[in-house]
Amino acid sequence: MPQDRMPQRSERRQLWHPTREELDLERVLCALTDAHRRSVILALLNEPEGARHSYPWFELPVSKAGRTHHFRVLREAGLLRLDDLGNRVLVSLRRDDIEARFPGLLTAIAVGSRPAGDRPAPASADLG
């Protein structure tokens, strides 16, 4: 391939991410049914807002293909932003979009993932 026809850095493949308006609750919840994918979201919830990490940081106990699959599902559900830098991918949580579209969802995920003894007691309903 001639040098002038070589792909430039700026022409790198861009990964598709749904817009905020395209986020679908069913797709988000389906993505969260897997424990490995939930662990990715929980890890990012424990990081400062805007934190970005490469795949190895998450230490998922799956094959490379499995890891790619889990991150693709989370990206396509709209939970993660993946920035392809060529030799690595940086992952970040789409907090603002998720919170705007589904207020309280991230808090519910964080609280629901704690051991039962660490969760706040549910409000009792007075049925009168």
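Everything below is about the structure shown above.
Overview of the structure. Keep in mind it's a predicted model, so treat the numbers as computed, not measured.

### Re the packing of aromatic side chains
Evaluated as defined, the whole model comprises three aromatic pairs. In textbook terms, an aromatic cluster arises when at least three aromatic residues are bridged by ring pairs, as seen for Y55, W57, F58 and F71.

### A word on the packing of helix α2 (residues 35-45) against helix α3 (residues 64-77)
The geometry of α2 relative to α3 is characterised by a closest axis approach of 10 Å and an angle of 65 degrees between their N-to-C directions. One element, α2, and the other, α3, form an angle in the roughly perpendicular class. As for how α2 packs across α3, the hand of that crossing is right-handed. Where α2 abuts α3, its residues H36, R37, V40 and I41 lie against H69, H70, F71, V73 and L74. Here the contact of α2 with α3 is composed, by residue class, of five nonpolar, three polar and one charged.

### Remarks on the pattern of salt bridges
Taken as a whole and assessed by the stated rule, the structure comprises seven salt bridges. Measuring nitrogen to oxygen at the nearest pair gives 2.8 Å for the salt bridge that ties D97 to R20. Taken together, the residues span a long stretch of sequence, with D97 in helix α4 (residues 95-101) and R20 in the segment before α1 (25-31) at a distance of 77 residues. Here E76 ties to R75 by a salt bridge, and the two come within 3.8 Å at their closest N and O atoms. Among the charged side chains, a network of salt bridges with common partners joins R27, R72, R75 and E76.

Calculation notes
- Residues numbered from 1 in each chain as written.
- Predicted model: local features only at pLDDT ≥ 70, side-chain atom pairs only at ≥ 80, totals over all residues.
- Heavy atoms only, no water.
- Phe/Tyr/Trp six-rings, centres within 6.5 Å; stacked < 30°, edge-to-face > 60°.
- Axes fitted to C-alpha atoms, helices over the stretch in contact; angles between N-to-C directions.
- Helix = DSSP H or I, 4+ residues; strand = E, 2+ residues; numbered from the N terminus.
- Parallel < 35°, antiparallel > 145°, perpendicular 65-115°, else oblique.
- Left-handed = near helix turned anticlockwise from the far one by under 90°.
- Contact = heavy atoms within 4.5 Å.
- Nonpolar A, V, L, I, M, F, W, Y, C, P; charged D, E, K, R; others polar.
- Salt bridge = Lys/Arg side-chain N within 4 Å of Asp/Glu carboxyl O.

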